Amino acid sequence: MNLFLTILSFISLVFGLWCVICTICNVIFFRAHHKKAKKTTTNGNKKVSVVIPARNEEEHLPRLLDSLLNQDYSNYEVVVIDDQSTDSTWSIIQSYMEKSDKIRGFKNDGNKRLSPYGKINALLNLIPYAEGDILLCTDADTVHSPSSISIGVKYMEEGNLDILSGFPYQGVTTYGGGVVTAAMIFSNVVLPHFFLNPIQFTPFAIGIGQYVMMNKESYMEVGGYGAMPQSVCDDIGIIKHFMRHKKIYGFRNLSEEVSCKMYSDRKSAFRGIERSLTDLFPINVLMVTLLLIAVTLLMLISWTPLFTPLYLMKGENNLLFLALLGWLLTFSSWTLGARETGFWKTVSISGSLSVTAICAMYVHGIYRKITGKGFDWKGRKV
């Protein structure tokens, strides 16, 4: 028992110190790039095509299109595809086409099947119509600030990037939904983006499909979505595909540039994020074993305070101090990371619950993948 308490204290402290270093350095890294982008100007020579797949998005699409018609970057177009919607999505697209010549709309009737995955299929059908030098793929349930396109272009130019993604502001309507959605900031707390971005380390590269900006020439060179290995996640999949072809990737904090209310409640957040988590790593015996060990350790670290009576019973006061210090460092870092990207205060201080959700989503996602049950998303099996 003393050995268990010693190991728990050591792991908790080391992990807490790691989280502090990563979070603070990531915040500095993201803020520095954002400050530089705000100060620089772009000549606007490169045309940007904002690419939007829309399936039953009558509730969200008007807000997105209104925000895209209010950009401070002049050289752009918006191409949107109605992906077999059964609501008034197409009527909304038509009305905006009449409102502005920057918007062009297309319909996907399902006859041209280029991918088994719905969103990727829609993108493959739509991107050939994009005329821009830069592609900005975004979701229909996002809203963009006036500087969304220009900041992205500046990031691309500053870093000579081929592909860019980042963390948008995740709007939530319930505490439970917020706790689960906050699982998305795990990477900002434990991954050293400040180090991984410069060295272009592919295994831990991540992307968020609400904002993926690509150099179109580079996209064509690597074969785009049609050439990447089969993946249920268009965002992580395309970024790793670019990097395998030696293209330069960047990840930034985009919470001031784009916002999204992707998940309406805890259940939808769980279903959506588990799909992405499960696709992060290959499914084989070694990887699953290692990740299950990691899940166990994360659960122990998350609920370290619950072991306080055991420490006291064994008279291990010094070890208890180290364990609680590690836990405090970990979730203070989590709170900083969550607040930096705009999560509610009540959600940002609930890191233990969010990490528990991460563990549950990963285990459940692996179960669904191994058993062949797959995932249901927006009325489709993926």
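It should be emphasised that the depicted structure is a prediction, and the values quoted were computed from it without experimental measurement.

Inspection of the entire model under this criterion finds nine salt bridges. Lys-47 is the partner of Glu-131 in a salt bridge, and the nearest nitrogen-oxygen pair spans 3.4 Å. With Glu-131 in the loop between helix 4 (118-126) and strand 4 (134-137) and Lys-47 in the loop between helix 1 (2-39) and strand 1 (48-54), the pair connects residues that are 84 residues apart, well separated along the chain. One salt bridge in this structure joins Asp-234 and Lys-119, with 3.2 Å as the shortest N-O distance. Of the two residues, Asp-234 is situated in helix 11 (residues 234-244) and Lys-119 in helix 4; the sequence distance between them amounts to 115 residues. Counted as one network, the salt bridges with shared partners bring together Lys-47, Glu-77, Arg-104 and Glu-131.

Pairing of strand 2 (residues 76-83) with strand 3 (residues 103-108), which is carried by six bridges, proceeds in the parallel orientation. Its bridge partner lying in strand 3, Val-79 is registered against Arg-104. With helix 3 (residues 89-99) bridging strand 2 and the parallel strand 3, this β-α-β connection has right-handed handedness.

An ideal rise of 1.5 Å per residue puts 16 Å on twelve residues; helix 5 (residues 148-159) measures up with 17 Å between its terminal C-alpha atoms. Most of helix 5 is tucked away: nine of the twelve residues are buried. Of all the residues in helix 5, the buried ones are Ser-148, Ile-149, Ser-150, Ile-151, Gly-152, Val-153, Lys-154, Tyr-155 and Met-156. Note on helix 5: the residue one or two positions beyond its end, Asn-160, has a positive phi of about 50°.

The rules behind these values
Residues numbered from 1 in each chain as written. Predicted model: local features only at pLDDT ≥ 70, side-chain atom pairs only at ≥ 80, totals over all residues. Heavy atoms only, no water. Salt bridge = Lys/Arg side-chain N within 4 Å of Asp/Glu carboxyl O. Helix = DSSP H or I, 4+ residues; strand = E, 2+ residues; numbered from the N terminus. Pairing = 2+ DSSP bridges. Right-handed = clockwise from strand over helix to strand, strands pointing away. Expected span 1.5 Å × (residues − 1). Buried < 20%, exposed > 50% of the residue type's maximum accessible area, 1.4 Å probe, protein only.

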